[in-house]
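Tertiary structure, described
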Amino acid sequence: MSYDLVVFSPDAAPAKRPAFLDWYEAQTEWPEEHEYDDPAVATPALQAFYAELAAAFPPASDETPETGTDYTIGSMLIYMTFNDWDKIDEAHGAVFALAAKHELGFFDVSSDLAEAWLPDRKGGLRLAHAD
């Protein structure tokens, strides 16, 4: 079992929930013509986010499959699967804070409410929608 979070380019995603969920579903079919493990394919803000987060939550490897983080990187989003349940709260806090810092959207895929947050343009995030 894992805990999944997504950060995304707010300019690429629709702000309203039904359209956002359609966009999210299309993105997570992974239609882009590249490998999904290279941060260089992402926007500069997503690349900067990844560099900071991966330093604290390294990518999973064959040696650390149960404690590492699986990153799936598209041009407009990064999907993260946190495998270490002991660090879920820490991971959630770090992703949320770094999304705000880099003015990215934040989607809590594993939350019962599936909250989506957008930059408030004041250095924080504002709740955009939830179930």
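In this text the structure is predicted, and so the values were computed from the model without any measurement. (Residues numbered from 1 in each chain as written. Predicted model: local features only at pLDDT ≥ 70, side-chain atom pairs only at ≥ 80, totals over all residues. Heavy atoms only, no water.)

1. A few points about the side chain of threonine 81
Our working rule: Where helices and strands are cited, they refer to DSSP runs of H or I of at least four residues and of E of at least two residues respectively, numbered from the N terminus. Burial classes: relative accessible area under 20% of the type maximum marks a residue as buried, over 50% as exposed, and values in between as partly exposed (1.4 Å probe, protein chains only). For the purposes of these results, a polar contact is taken to be a pair of N or O atoms within 3.5 Å, where, inside protein, one atom must be able to donate a hydrogen and its partner to accept one; residues adjacent in sequence count only when each atom of the pair is a side-chain atom. Only heavy atoms matter for contacts: two residues are in contact if any of them lie within 4.5 Å across the pair.
Tracing the chain through its elements places threonine 81 in strand E3 (residues 77-82). A relative accessible area of 15% means that threonine 81 is categorised as buried. Here aspartate 4 takes part through its side chain, which lies 3.1 Å from a polar atom of the side chain of threonine 81. In contact with threonine 81, other than residues within four places in its own chain, are Ser2, Tyr3, Asp4, Gly68, Thr69 and Asp70.

2. Overview of the pattern of salt bridges
Defined as follows: Here a salt bridge means any side-chain nitrogen of Lys or Arg lying within 4 Å of a carboxyl oxygen belonging to Asp or Glu.
A complete count under the given rule lists 3 salt bridges for this structure. In this structure, glutamate 52 and lysine 101 form a salt bridge, with 2.9 Å as the shortest nitrogen-oxygen distance. Of this pair, glutamate 52 sits in helix H2 (residues 44-56) while lysine 101 sits in helix H3 (residues 88-101), placing them 49 residues apart in sequence. Glutamate 52 gets classed as partly exposed once you look at its relative accessible area, which sits at 31%. Among the salt bridges present, the one from glutamate 103 reaches arginine 121, with a minimum N-O distance of 3.5 Å. With glutamate 103 in the loop between H3 and strand E4 (105-107) and arginine 121 in the loop between strand E5 (116-119) and strand E6 (125-129), this residue pair connects regions lying 18 residues apart in the sequence. Using a relative accessible area of 39% as the deciding quantity, one classes glutamate 103 as partly exposed.

3. Structural notes on the sheet that holds strand E2 (residues 69-73)
Within a sheet, neighbouring strands are paired by backbone hydrogen bonds and run either parallel or antiparallel to one another. To keep it simple, the criterion reads: By the convention used here, strands pair only if DSSP detects at least 2 bridges between them. With axes taken as lines fitted to C-alpha atoms, and helix axes fitted only over the stretch in contact, angles between N-to-C directions fall between 0 and 180 degrees.
The 6 strands lie next to each other as E2-E3-E1-E4-E5-E6, forming an open sheet whose pairing is antiparallel. Looking along the sheet, the strands with just one partner apiece sit at the ends: E2 and E6. Strand-to-strand twist of the sheet, defined as the mean angle between neighbouring strand axes without regard to direction, takes the value 20°. Across 2 bridges, the pairing between E4 and E5 is antiparallel. Paired with phenylalanine 107 across the strands is alanine 116, a residue of E5.

4. Overview of the side chain of threonine 43
One can find threonine 43 in the loop between helix H1 (17-27) and H2. The exposure class of threonine 43 is buried, given its relative accessible area of 18%. Not counting residues within four places of it along the chain, the set of residues in contact with threonine 43 comprises Ser9, Ser75 and Met76.

5. Focus on the packing of aromatic side chains
The following threshold applies: Put simply, two rings from Phe, Tyr or Trp (the six-membered ring, in Trp's case) pair if the centres are within 6.5 Å, and we call them stacked under 30 degrees between planes, edge-to-face over 60, tilted for the rest.
Counted according to the given criterion, the structure contains 12 aromatic pairs. Where phenylalanine 57 meets phenylalanine 82, the ring centres are 5.6 Å apart and the plane angle is 85°; that geometry is what we call edge-to-face. Taken together, the residues phenylalanine 57 in the loop between H2 and E2 and phenylalanine 82 in strand E3 connect sequence positions 25 residues apart. Pair check on accessibility: phenylalanine 57 and phenylalanine 82 agree, each one buried. By the ring-pair criterion, three or more aromatic residues cluster together here, those being Phe8, Phe20, Trp23, Tyr24 and Phe107.

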